[in-house]
Amino acid sequence: MAEDHITSLLKESRQFSPSAEFAARAHVSSMARYEEIYAHAVRDPDGYWAEVARELRWTKPFTKVLEWEAPFCKWFSDGRLNVSDNCLDRHLEGPRRNKAALIWEGEPGDVRTLTYLQLHREVCRFANALKRLGVCKGDRVCLYMPMIPELAISMLACARLGATHSIVFGGFSADALRDRILDADAKLVVTADGGHRRGGVVALKDAVDEAITQCPAVQRVVVVRRTGSKVAWKEGRDLWWDEALSGVSADCPAEPVDAEHPLFILYTSGTTGRPKGVVHSTGGYLTQVASTTRMVFDLGDEDVFWCTADIGWVTGHSYVVYGPLANGATSLMYEGAPNFPGLDRFWDIIERHRVSIFYTAPTAIRTFIRWGEEHPTKHDLSSLRLLGTVGEPINPEAWMWYHANIGGGRCPVVDTWWQTETGAILISPLPGATPTKPGSATRPLPGIVPAVVDKEGRPQPPDKGGFLVIERPWPAMLRTIYRDPDRYRAQYFSQIEGKYFTGDGARRDTDGYYWLMGRIDDVLNVSGHRLGTAEVESALVSHDLVAEAAVVGRPDEITGQAVVAFVTLTSGTIPSDEVKHDLTEHVAAQIGKFARPAAIRFADALPKTRSGKIMRRLLKEIAGGSSAQGDTTTLEDISVLAKLREDEE
Ligand code: PRX
């Protein structure tokens, strides 16, 4: 698949420059200016980052910038600050005091707007409620919530106290939630009686109840009333949100913490069955998230910024909550599905709230294309001035459709490359400066030094594919994997000595533009959600009827990649549609519905090398519909392959 991708992208020669009008009012308004800032940051990285960090409010100014003992870094380590203070209190002193911080729309159509002053009050009250429930600085709090304002309030309340939040996406199952609560050793969970999604209700509280039967450290569960659904209740442990708030004061000074204090843990898929708890810092994270939001989205005071990501993923952490609020901007948050009640919901939201910056995923764009352009055409999208994408490579045709049909041909498109681990955007156009090429994330942001290298770490010449690495540390990078520094080192700094290994393939063209080619490891990207093949495999083999399983990705027009599972059943089990259904539901229960295989194929045996390694490359070819032409000389039993091919026909 990667090969095809390279070939098709190589043919791409269209280029779009920002209009003079856009450039004139942009934060960075020419390539010359970008080159100047970039060169300064390369020459004097500490000077550059210190200048950027000083735009935040520090309770105690830092004197140190980077301390690098590879692969561990500290940034601004002797400085102290608070994220909630920077996202809220700081804006109460000027004209932003009564400006909308969050405009929230629920799926049923209810709308709530919270000004900075109002949001500050809610955050202070909930922080006091958490304190009363025994949450202290350094504790971990798990948030398993729908996209409602109380989620942002909970994050900021944790940050205010110096408690570390761990958000688990509401699509994860009870089992996945349990594993994450246990790994982070969270003592309190915040959830809701449900969330609205596609006209139905997501039963979050049930999953929490099930998960924490095995989490003895969880003392309290705070439950937001959202849907009014009936939920089971455990007196003494469960507490309604409004009860938790009753009688609390709205006065709660923000607790200054060290810049390196962990702001949050976020679990992400890797190449083993166990998800990794990516740990992010306070000072470095906020520095870079704030500056990239400003630069990449050219954010101004009049903008209404809508990032459609769920806060349960890193994009929502950085670009629904922390980045926009650190800039005193207005962030729009939507609870539900893009096709409820109609296929034009997103465009309706843009029209009614006059959204000016819209940031979404290529998989969503491909879905919109399938639904047809009559849906956006029905709405006045003239408020839009900038579009963004994130999560996977965008195919040039989807880029062109987005540019023409949503952006009306006038809005620059920023294709932003980054990862859960990077914390913030690293490679992206600056919309007032960079001429864009559909399908390319273009150039690195100032302070970021990527390279494309071969297995030995040797730089590749222009247009030659290789591994994308980042040569120097950056402030928002992950600090470690929670309680597993060895895995951190092994995963990110052992492949190419001393350099951060992204796990992505890329090439750089003769203009220095980066073209991302997808993961080169066993991590899939399904609808912009990261999923380790090993995770799905371990879910499958935990089923009684499964002897062995191998999971690979197959290209998919809408979701980017789809999960295909090859399964060998235990002897005596007869393959059937019913077994397929059971296995699919088993994966949903173990991980979440979004991880369900698109196809399950039964095989008497899986193709293996003589040393017993499953030959995934061959399975990928078979799953992708080609007949596994690759090198099979190391295959242990050639008849296995012939059998799989036959089954295909
Ligand atoms: O493969 C890259 C892809 O998404 C991966 C990171 O996934 P996750 O940690 O879930 O974070 C997603 C949102 C930041 C990357 O390793 N990816 C992300 N953005 C792009 C991308 N691939 C190509 N182009 C992008 N703009």
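Residues numbered from 1 in each chain as written. Predicted model: local features only at pLDDT ≥ 70, side-chain atom pairs only at ≥ 80, totals over all residues. Heavy atoms only, no water.

Novice: Residues and numbers for the domain arrangement of the protein, please.
Specialist: Here the domain parsing of the protein yields domain 1 (20-447) and domain 2 (523-648). Taken over C-alpha atoms, the centre of domain 1 sits 34 Å from the centre of domain 2. Counting from both sides, the interface comprises 24 residues of domain 1 and, opposite them, 22 residues of domain 2. In this assembly, domain 1 packs against domain 2 so that about 1700 Å² is buried in total across both faces, 48% of it on carbon and sulfur atoms. On inspection of domain 1 and its partner domain 2, the count reaches 1 salt bridge. Between Arg530 and Glu421 there is a salt bridge; the shortest N-O distance is 2.9 Å. Here domain 1 is connected to domain 2 by 13 residue pairs in polar contact (both at pLDDT 80 or more). Of all the secondary structure elements, the ones that give two or more residues to the side of domain 1 that touches domain 2 are helix 8 (174-184) and helix 14 (362-371). (Domains from an automatic or database assignment. Contact = heavy atoms within 4.5 Å. Buried area = accessible area lost by both parts, 1.4 Å probe. Salt bridge = Lys/Arg side-chain N within 4 Å of Asp/Glu carboxyl O. Polar contact = N/O pair within 3.5 Å; in protein donor to acceptor, adjacent residues only side chain to side chain. Helix = DSSP H or I, 4+ residues; strand = E, 2+ residues; numbered from the N terminus.)

Novice: Tell me about the packing of helix 3 (residues 31-43) against helix 4 (residues 45-53), residues and numbers included.
Specialist: For any two helices packed against each other, one specifies the crossing angle of their axes together with the interaxial distance. Between helix 3 and helix 4, the shortest axis-to-axis distance is 5 Å and the interhelical angle comes to 115°. For the pair helix 3 and helix 4, the contacting residues are Ile37, His40, Ala41, Val42 and Arg43 in the first and Pro45, Tyr48 and Glu51 in the second. Looking at the contact of helix 3 with helix 4, its residues break down into 5 nonpolar, 1 polar and 2 charged. (Axes fitted to C-alpha atoms, helices over the stretch in contact; angles between N-to-C directions. Nonpolar A, V, L, I, M, F, W, Y, C, P; charged D, E, K, R; others polar.)

Novice: Summarise the pairing of strand 5 (residues 111-115); cite the residues concerned and give the values.
Specialist: Bridge count between strand 4 (residues 100-105) and strand 5: 5 bridges; the pairing is antiparallel. Each residue of the ladder has a partner; that of Glu105, found in strand 5, is Val111. In sequence, strand 4 turns back onto strand 5 through a hairpin of 5 residues, with Gly109 there showing a positive phi of about 110°. (Pairing = 2+ DSSP bridges.)

Novice: Give a detailed account of the site of the ligand, specifying residues and quantitative values.
Specialist: Residues in close proximity to the ligand total 17 residues, the closest being Asp415, Thr416, Thr420, Asp504 and Arg530. Measuring from a nitrogen atom of the ligand, one finds a backbone N or O atom of Gly391 at 3.1 Å. With respect to the ligand, the side chain of Asp415 contributes an N or O atom lying 2.7 Å from a nitrogen atom. In isolation the ligand offers 540 Å² of accessible surface; the protein chains occlude 96% of this area. Breaking the shell around the ligand down by element, the ones donating at least two residues are helix 12 (314-326), strand 20 (413-416) and strand 25 (514-519). (Near = heavy atom within 4 Å. Areas by Shrake-Rupley, 256 points an atom, 1.4 Å probe, with all protein chains shown as cover.)

Novice: Which residues make up the pattern of salt bridges, and what are the values?
Specialist: Counted under the stated rule, the structure contains 48 salt bridges. The salt bridge involving Arg96 is made with Asp301; its shortest N-O contact spans 3.1 Å. Note that Arg96 is positioned in the loop between helix 5 (83-87) and strand 4 and Asp301 in the loop between helix 11 (283-296) and strand 16 (304-307), a separation of 205 residues in sequence. By relative accessible area, which is 28% here, Arg96 ends up partly exposed. Overall, Asp301 belongs to the partly exposed group, its relative accessible area being 37%. The partner of Arg519 in a salt bridge is Asp504, with the nearest N and O atoms 3.9 Å apart. Within this pair, whereas Arg519 is found in strand 25, its partner Asp504 is found in strand 24 (residues 500-508), the two being separated by 15 residues in sequence. Residue classification places Asp504 among the buried residues on the basis of a relative accessible area of 8%. (Buried < 20%, exposed > 50% of the residue type's maximum accessible area, 1.4 Å probe, protein only.)

Novice: Tell me about the environment of Asp183, residues and numbers included.
Specialist: You can see Asp183 is positioned in helix 8. Placed 94 residues apart in sequence, Asp183 and Asp89 show a C-alpha to C-alpha distance of 33 Å. For Asp183, the residues in contact, after removing those within four places along its chain, are Tyr267, Arg274, Tyr482 and Arg483.

Novice: So, the nonpolar core: which residues are in play, and what are the values?
Specialist: By size, the foremost hydrophobic cluster in this structure holds 124 residues, and its most contacted members are Leu119, Phe126, Phe297 and Tyr322. Examining the composition of this core, we find that 9 residues originate from one element, helix 7 (residues 149-161), more than from any other. Tyr144, Leu204, Cys215 and Val546 belong to the second-largest nonpolar core, a separate cluster that totals 43 residues. (Core = buried A, V, L, I, M, F, W, Y, C linked by side-chain atoms within 4.5 Å.)

Novice: How would you sum up the sheet that holds strand 24? Please name residues and give values.
Specialist: Whenever strands of a sheet pair, they do so through backbone hydrogen bonds, lying parallel or antiparallel. Read across the sheet, 4 strands follow the order 21-22-24-25 without closing on themselves; strand pairing throughout is antiparallel. Two strands in the sheet have a free side with no partner beyond their single neighbour: strand 21 (450-453) and strand 25. Averaged over neighbouring strand pairs, the angle between their axes works out to 45° when direction is ignored. Pairing analysis gives 5 bridges linking strand 24 to strand 25, with the strands arranged antiparallel. Opposite Arg508, over in strand 25, you have Tyr514 as the bridge partner.

Novice: With reference to specific residues and values, describe the sheet that holds strand 6 (residues 140-143).
Specialist: Spatially, 8 strands are ordered 12-11-8-6-7-14-15-23 in an open sheet, and the strand pairing comes out mixed. Every interior strand has two partners, whereas the edge strands, strand 12 (238-240) and strand 23 (480-481), have only one. Bridge analysis of strand 7 (residues 164-167) against strand 14 (residues 264-268) gives 2 bridges, and the strand direction is parallel. Considered in strand 14, the bridge of Ser166 is made with Ile265. Packed onto the sheet, helix 12 meets strand 7 and strand 14 and runs at close to 145° relative to strand 14.

Novice: How would you sum up the side chain of Glu535? Please name residues and give values.
Specialist: Within the element layout of this structure, Glu535 appears in helix 18 (residues 533-541). With no salt bridge to any partner, buried Glu535 finds its closest opposite charge in Arg180, at an N-O distance of 4.1 Å. (Lys, Arg positive; Asp, Glu negative; His and termini not counted.)

Novice: I'd like to hear about helix 19 (residues 577-590), residue by residue, with values.
Specialist: Here helix 19 contains 14 residues, and its C-alpha end-to-end distance of 20 Å stays within 8% of the 20 Å for a straight helix at 1.5 Å per residue. For helix 19, the set of buried residues is Val579, Leu583, Thr584, His586, Val587 and Ala588. Residues of helix 19 that are buried in the fold lie against helix 18, strand 28 (546-556), strand 29 (560-569) and strand 30 (599-602). (Expected span 1.5 Å × (residues − 1).)

Novice: Explain the packing of aromatic side chains to me, using residue names and the numbers behind them.
Specialist: Under the defined criterion, the tally for this structure stands at 42 aromatic pairs. With centroids separated by 5.9 Å and ring planes inclined at 65°, the aromatic side chains of Phe169 and Phe594 adopt a geometry described as edge-to-face. You can see Phe169 sitting in the loop between strand 7 and helix 8 and its partner Phe594 sitting in the loop between helix 19 and strand 30, a full 425 residues away along the chain. By relative accessible area, which is 13% here, Phe169 ends up buried. Considering the side-chain rings of Tyr488 and Phe493, the 5.6 Å spacing of their centres and the 50° angle between planes classify their relative orientation as tilted. The exposure classification of Tyr488 matches that of Phe493, with both residues buried. (Phe/Tyr/Trp six-rings, centres within 6.5 Å; stacked < 30°, edge-to-face > 60°.)

Novice: Any chance you could break down the environment of Asp504 for me, citing the residues and the numbers?
Specialist: As a C-alpha pair, Asp504 and Trp306 span 198 residues in sequence and 27 Å in three-dimensional space. Residue contacts for Asp504: discarding those within four places in its chain leaves Trp417, Gln419, Gly466, Phe467, Leu468, Leu516, Gly518, Arg519 and Ile520.

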